[in-house]
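One-letter residues, chain by chain:
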Amino acid sequence: MSKFYITTPIYYVNAKPHLGGAYTTLAADVLARWHRMKGENTFFLTGTDEHGEKIAKVAKEKKITPRQLCDQNAAKYEQVWDTLKISYNKFIRTTDPVHEKMVAKVFQHLIDKKLIYKGIYQGLYCVGCERYYTAKELVDGKCSIHQKKAITLSEECYFFKLSKFQNRLLKLIKNNKWVIEPEERRNEVLGFLRTEKLEDLAFSREKVEWGIAVPGDSSQTIYVWIDALLNYLSGIGWKGQEGKWPLNWPPEIQLIGKDILRFHAIIWPGVLLSLGAPLPKKLYAHGFFTIGGKKMSKSLGNVLDPEELAMTFGADALRWLMLSAFPFGQDGDISQSKFYDKYNTDLSNGLGNLLRRVLTLALKNKKKFLPPKKVDTNFKKQIGLVWQKYERSLNQLKFETAIASINDLVSFCDKYIDSKQPWRLFKKDIAEYQIVLYNLLEGLRHLAWLTQPFMPEKSNQIFQSLGILGQEKKNPLAKGQVWGKTEFKEIILGEILFPKL
RNA sequence: CGCGGGGUAGAGCAAUGGCAGCUCGCCAGGCCCAUAACCUGGAGGUUGUAGGUUCGAAUCCUACCCCCGCAACCA
């Protein structure tokens, strides 16, 4: 059986979950559910990044310990992911002692391999911000927040020999051994590697208390790069021993937002190469969205909260709305009013209304609906086309076209009803009515399968209405995709699937 | 020349070399099974501008105009 390991970035726990992070996580969840549905051995990892100065600072402001802050916010993440029905297999926290121990071990290992060495870090430091800036970030040598001149400061720290990997990385990307998608993002990384010289990277800092201590040097703390990135290995049980890679390694897909492309496209494989680890199969950086044409920001007050949206539309519908709003991989725009629009069009008037139509028509007759002798080849063919488009879309992470293929089937069924007029057949030709309704029930059964990764609960509700929830959930997808073999013995009208908003 | 995305019907978007499509809205009709839902037809476009390549361009090339994201809290 083939395996499927997928990761999201780990989110920084200085605040509660953000709609952007929810977007990434949701996309990963749909893929995880899709691959599970296909019967693959699937592992879905997400989690939180919990070390660093900023955490310590926020904790101090709130008069709690960093540990308490992390516990609170990590719990918040788990709760929101629960609301959104995120089916992760493991929630990794970088403050987990197992993770911390592994990171320290790897750090030491890289010192032993002479890939981490001690040096002097010199940079422009803003006392107000308590952080370093690059010359480019400063305006007139001043930090934009404090309007104060940054001073040149140097400190001892440990460096990672990233420079050593520049040519290898370039070659790996060119030869598609290190796959970055979509293409624009790949070009961006290639351009960077061609024109900029990679410098060795400071892998530790002085004076940061909230972090993992450098082995044998308690004055130094391991910096975010290696600490955060190694979650992808510690999360599946790696103990830090080179060569002994976990069974799930490497990931089939690592999903990230485009903001962290460089860390994941350059530093991360650099670390893996230094460890001799196989590289992930694919790195996919999705786009960002604006809200109502403006970037989401606290000061503009247009921030959408994932929990509130789930309250308004329901978690299942929200998943659908987020992923159908614009092409995955590109930038796009969302808004509440667009969501209302699409909810009513796709879900209430489309899928939900179709379900109700068919169920009511089926309930006219108290008989069971058994597979007819004559197969409707036209209907069957349509289902085949829908699955084809759907699978191709999901394999390319085109969620919006996968969703479009579902809408295609809904529309096909609506047209089919209109042309066959089963309410008339019921009075005139009961045998034909029986066949038409059977086809429609089969159509709905396929719709339940198709919507499963996107809207697991609504999908189950459809199965339930068809009286086949238990049996279908036991079936693998391959069996579920077969046309015209299922018997419908008990139809249940049930609740309205998507009440109009 | 910091990096990147975009400009297509009233609005929002799709279409990467081959008849310019979808959703909402608008107009006319059909149906009466359904959540005032569904189906059919129609109006609405010189695809930001100018030039070029091509049998053929929204799509490729050149120049220009305009909008936006990242670079700095934030995916």
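Residues numbered from 1 in each chain as written. Chains lettered and ligands numbered in written order. Predicted model: local features only at pLDDT ≥ 70, side-chain atom pairs only at ≥ 80, totals over all residues. Heavy atoms only, no water.

1. Thoughts on the confidence of the model for chain A
Parts of the model with low pLDDT should not have their predicted coordinates read in detail. Across chain A, pLDDT averages 89, with 94% of residues at or above 70. Confidence scores differ between elements of chain A, with strand β5 (residues 131–133) showing the lowest mean pLDDT of 66 and helix α17 (residues 456–465) the highest of 97. Both scores are available for the predicted complex, with the pTM at 0.94 and the ipTM at 0.87. (pLDDT = per-residue confidence, 0-100. Helix = DSSP H or I, 4+ residues; strand = E, 2+ residues; numbered from the N terminus.)

2. Let's talk about the side chain of H35
Among the secondary structure elements, H35 is positioned in helix α1 (residues 19–37). Not counting chain neighbours up to four residues away, the residues in contact with H35 comprise F4, E40 and T42. (Contact = heavy atoms within 4.5 Å.)

3. A look at empty space enclosed by the protein
Under the definition given, this model contains 1 cavity of 30 Å³ or more. Roughly 40 Å³ of internal volume is contained in the largest cavity. In this structure, the largest cavity is lined by P372, K374, V375, D376, Y438, N439, W483 and G484. Its residues assigned to classes, the lining of the largest cavity shows 4 nonpolar, 2 polar and 2 charged. (1 Å grid on protein atoms, 1.4 Å probe; cavity = no way out; pocket = protein on both sides within 12 Å on 5 of 7 lines; lining within 4 Å. Points joined across faces, edges and corners; volume = space filled by probe spheres on them. Nonpolar A, V, L, I, M, F, W, Y, C, P; charged D, E, K, R; others polar.)

4. Focus: the sheet that holds strand β10 (residues 213–214)
Ordered by their spatial adjacency, 3 strands build an open sheet running β9-β11-β10, and the pairing between neighbours is antiparallel. The two strands at the open ends of the sheet, each matched to only one other strand, are β9 (204–206) and β10. Here β10 pairs with strand β11 (residues 217–222) via 2 bridges, running antiparallel. Looking across to β11, one finds that V214 is bridged to D217. (Pairing = 2+ DSSP bridges.)

5. Concerning the packing of helix α5 (residues 166–174) against helix α6 (residues 183–195)
When two helices pack together, their arrangement is captured by the angle between the axes and the distance separating the axes. Close contact between α5 and α6 brings their axes to 10 Å; oriented N to C, the two are set at 150°. As far as their axial angle goes, α6 and α5 are roughly antiparallel. The handedness of the crossing between α5 and α6 comes out as left-handed. Taking contact as the criterion, the partners of Q166, L169, L170, I173 and K174 in α5 are, on α6, R186, V189, L190, L193 and R194. Across the contact of α5 with α6, the residue classes break down as 6 nonpolar, 1 polar and 3 charged. (Axes fitted to C-alpha atoms, helices over the stretch in contact; angles between N-to-C directions. Parallel < 35°, antiparallel > 145°, perpendicular 65-115°, else oblique. Left-handed = near helix turned anticlockwise from the far one by under 90°.)

6. Things to note about helix α16 (residues 430–451)
End to end, α16 covers 31 Å across 22 residues, agreeing with the expected 32 Å (1.5 Å per residue, within 8%). The buried count for α16 comes to 18 of 22 residues, which makes it a mostly enclosed element. (Expected span 1.5 Å × (residues − 1). Buried < 20%, exposed > 50% of the residue type's maximum accessible area, 1.4 Å probe, protein only.)

7. A short note on the environment of G470
Relative to the assigned elements, G470 resides in helix α18 (residues 469–474). The spacing of G470 and N460 is 10 residues in sequence and 9.4 Å in space, taken between C-alpha atoms.

8. Section: the sheet that holds strand β1 (residues 3–12)
Ordered by their spatial adjacency, 6 strands build an open sheet running β3-β2-β1-β12-β13-β7, and the pairing between neighbours is parallel. Only two strands of the sheet have a single neighbouring strand rather than two, namely β3 (90–93) and β7 (179–181). Along the sheet, successive strands turn relative to each other by an average axial angle of 20°, direction set aside. Relative to β3, strand β2 (residues 41–49) runs parallel, the two being bridged by 4 bridges. Bridge pairing links T48 to R93 in β3. Against the sheet, α1 touches β1, β2, β12 (253–257) and β13 (282–286), its axis set at about 165° to β1.

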